[in-house]
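# Descriptive analysis of the structure
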Amino acid sequence: MRSLRVRFGVLGLALLTGLAAPTTATAAEPTTPTVEERRLDGAAPQEILRRSGFDAVAPDFARALDRAHSYAQARRAVAREGTELWRRAVDRAQGRGPAVGDLSRDDDRPLYWARLGMTRELRTWLPDFELSGEQRAGLLDELERTSRGQTAIRYPHGKSVKRILVTGFDPFTLDRDIRISNPSGATALALDGTVIETADGPARIETAVFPVRWRDFTDGTVERALRPYLPKVDLFTTVSQGRVGRFDIERTNGAWRGGFADNENIGRTETVPVTDPAAQPQWTSTTLPYAEIVAADTGRFPVYDNTSVTEIPAGGTAPVVRPEGPTPGSTARAGGGGDYLSNEIAYRATLLRDRLGLHEKLPGGHVHTPVLQFGAGNSTEITDPDFVRNRVDIIDQVRSIVTVAISATERTRG
């Protein structure tokens, strides 16, 4: 009966009046799938789910929801299933458990599309108890946070192991190519919970993934996820996909949204909205050891110290590119990482670092990876050997960059 309720609920709830179990009149009606969720029915997402063994995630989640007969039970089910999806994606990326399907384990896309299947089930769910709109939104928020690793960050006690925090992103520009993968998300899955060896001892990496949606950033998802951990870590870096054929260590981040559409096909052109806007700086800067990172041999892609920004100079009206960074009193129009969500997560994370009084103590900033490219001539297949090789090489090079960064930090402190 539940499958009928969801199927017809999406097409037209009025048709279901005589079929659905009666619900409380004040209960919130299910909402229609989002732009992101509607892409799920495309051939490529379905193939990705099938060939990774993640095609059963959403149906299993739907059955778990149907076993909940109160909001408290639903919340526990959502937290459990969201956490399990993150754990399963990390295990797959790191070679644990059976290799279900023939997609390479380094692939981040099964997590993305499986999560959307779950949010669509939750958004269209008709429970047999009263569920307010606020409660449904709370369940969706719980699912987002748990399935992105944001609630699973754990570091060992004591000071014998260094602590590193790395973040990645979902795939984006999906209307341009729905097959796309995001190497930063793949890196987060590959590195979560892993330990790297440095001259000063081991360092544990914990990771989380963020959505490519302006509204989540406006609602403070970055600050909520990172605030508990920045005072406790020894180094952090946000990571995203950037330019073709190169890594960039972004020196400066700007307080500006340039309007490019997100995964909901919504654009924002405005100053980055933050708490206490009266004390908001136009620019924040990296405290990563960029010189040491650029000088090191970390992999096959070149790594650049990117100092360029776009600003409106003090007293001016038109944007100007400044290759050497911002000038005093200028207004931001693009950081080194641009004016999209890559720049914004870097801006928000480093602003949070500074507002916590950690600028001089905590190395942190943004790393842009190369664009992940398919092999030459592949315009239809969801994977190919070059695509896999490029992603694996990017993951390995991010690991090397992080290792260089934490080692350089240790030498400086020593």
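Structural data are supplied above this passage.
The following refers to the structure shown. (Residues numbered from 1 in each chain as written. Predicted model: local features only at pLDDT ≥ 70, side-chain atom pairs only at ≥ 80, totals over all residues. Heavy atoms only, no water.)

On to the overall build of the protein chain, then. Scanning the protein chain from N- to C-terminus turns up 13 helices and 14 strands. Expressed as lengths along the three principal axes of its C-alpha atoms, the size of the protein chain is roughly 70 × 50 × 50 Å. Out of the 414 residues belonging to the protein chain, those deemed buried represent 55%. Residue pairs at least 24 apart in sequence account for 76% of intrachain contacts in the protein chain once pairs closer than 6 positions are excluded. Carbon and sulfur atoms form 53% of the exposed surface of the protein chain, whose accessible area is close to 17,200 Å². Of the side-chain charges in the protein chain, 53 are positive and 54 negative, and the distance between the mean point of each set is 3 Å. (Helix = DSSP H or I, 4+ residues; strand = E, 2+ residues; numbered from the N terminus. Buried < 20%, exposed > 50% of the residue type's maximum accessible area, 1.4 Å probe, protein only. Contact = heavy atoms within 4.5 Å. Areas by Shrake-Rupley, 256 points an atom, 1.4 Å probe, with all protein chains shown as cover. Lys, Arg positive; Asp, Glu negative; His and termini not counted. Charge placed at Lys NZ, Arg CZ, Asp CG, Glu CD.)

Once that is clear, we can look at the nonpolar core. Core analysis: the biggest nonpolar cluster contains 36 residues, and W113, L122 and W125 have the highest contact counts within it. Those elements giving two or more residues to this core turn out to be α3 (43–52), α4 (57–66), α5 (71–93), α6 (109–123), α7 (133–147) and α8 (183–191). If you look at the next biggest cluster of nonpolar residues, it comprises 25 residues, including L235, F247, I293 and V303. (Core = buried A, V, L, I, M, F, W, Y, C linked by side-chain atoms within 4.5 Å.)

Further remarks concern the pattern of salt bridges. As enumerated under the stated definition, the model contains 39 salt bridges in all. Residue R51 is joined to D102 by a salt bridge in which the shortest nitrogen-to-oxygen separation is 2.8 Å. With R51 in helix α3 and D102 in the loop between α5 and α6, the pair connects residues that are 51 residues apart, well separated along the chain. Relative accessible area serves as the criterion here: at 53%, D102 is assigned to the exposed category. Here E142 and R75 are joined by a salt bridge, their closest N and O atoms 3.2 Å apart. Remark: R75 occurs in helix α5 and E142 occurs in helix α7; sequence separation between them is 67 residues. (Salt bridge = Lys/Arg side-chain N within 4 Å of Asp/Glu carboxyl O.)

Let's shift gears to unusual backbone geometry. In this model, T173 sits at a positive phi of 55°, which is unusual for a non-glycine residue. Relative to the helices and strands, T173 resides in the loop between β1 (162–169) and α8. Judged by relative accessible area, which is 16%, T173 ranks as buried. Of note, the phi angle at D276 is positive, near 50°, even though the residue is not glycine. For D276, the position within the fold is in the loop between β8 (269–271) and β9 (283–285).

So, on to α6. Under the 1.5 Å per step criterion, the end-to-end length of α6 is 21 Å for 15 residues, consistent within 8% with the ideal 21 Å. Along α6, 14 of the 15 residues are buried, which leaves the element largely enclosed by surrounding structure. (Expected span 1.5 Å × (residues − 1).)

Moving on to the sheet that holds β1. Strand order in the open sheet formed by seven strands is β2-β3-β1-β4-β14-β5-β10, with mixed pairing between adjacent strands. Two strands in the sheet have a free side with no partner beyond their single neighbour: β2 (195–198) and β10 (303–306). Averaged over all pairs of adjacent strands, the angle between their axes in this sheet comes to 25°, without regard to strand direction. Against the sheet, α8 engages β1, β3 (201–210), β4 (235–241) and β14 (364–369), with an angle of about 135° to β3. On the sheet, helix α12 (residues 341–355) packs against β1, β3, β4 and β14 and is oriented at approximately 170° with respect to β4. (Pairing = 2+ DSSP bridges. Axes fitted to C-alpha atoms, helices over the stretch in contact; angles between N-to-C directions.)

Moving on to the side chain of D262. Mapped onto the elements of the fold, D262 is located in the loop between β7 (256–258) and β8. There is no salt bridge for the buried D262, and the closest opposite charge comes from R215, which lies 6.6 Å off by N-O distance. There is a polar contact of 2.9 Å between the side chain of D262 and the backbone nitrogen of W214. For D262, the side chain forms a polar contact with the main-chain nitrogen of E264, separated by 2.8 Å. With residues up to four places along the chain from it excluded, the contact list for D262 reads V212, R213, W214, Y340 and L341. (Polar contact = N/O pair within 3.5 Å; in protein donor to acceptor, adjacent residues only side chain to side chain.)

So, about α8. Most of α8 sits out of view: nine of its nine residues are buried. Along α8, the residues classified as buried are P183, S184, G185, A186, T187, A188, L189, A190 and L191. Immediately downstream of α8, the backbone of G193 shows phi near 75°, a positive value.

Attention now goes to the packing of aromatic side chains. Within this structure, the stated rule accounts for nine aromatic pairs. Seen in terms of ring centroids, F172 and Y340 are 6.0 Å apart; in terms of plane orientation they differ by 45°. Their pairing is tilted. Taken together, the positions of F172 in the loop between β1 and α8 and Y340 in the loop between β13 (331–334) and α12 put the pair 168 residues apart, joining distant regions of the chain. Accessibility assignment for this pair places F172 and Y340 in one class, buried. Seen from their ring centres, F374 and F387 are 4.0 Å apart, and the 10° between their planes marks the pair as stacked. Pair noted here: F374 is in the loop between β14 and α13 (385–413) and F387 is in helix α13, with a separation of 13 residues, a long-range link. Cluster of aromatic residues (ring-pair linked, three or more members): F172, W214, F260 and Y340. (Phe/Tyr/Trp six-rings, centres within 6.5 Å; stacked < 30°, edge-to-face > 60°.)

In this section: the sheet that holds β13. Spatially, the three strands line up as an open sheet ordered β12-β11-β13, and their pairing is antiparallel. Pairing within the sheet leaves two strands with one partner each, and these edge strands are β12 (320–322) and β13. Pairs of neighbouring strands in the sheet enclose a mean axial angle of 45°, with direction left out of account.

Quick look at the packing of α5 against α7 now. Relative to each other, α5 and α7 sit at 20°, their axes nearing to 7 Å. Viewed along their axes, α5 and α7 adopt a mutual orientation that is roughly parallel. Relative to α7, α5 is oriented so that their crossing is right-handed. Residue-level inspection shows Y71, A74, R75, V78, A79, G82, T83, L85 and W86 of α5 in contact with α7, the latter providing Q135, G138, L139, E142, L143, T146 and S147. Grouping the amino acids of the contact of α5 with α7 by side-chain chemistry returns eight nonpolar, six polar and two charged. (Parallel < 35°, antiparallel > 145°, perpendicular 65-115°, else oblique. Left-handed = near helix turned anticlockwise from the far one by under 90°. Nonpolar A, V, L, I, M, F, W, Y, C, P; charged D, E, K, R; others polar.)

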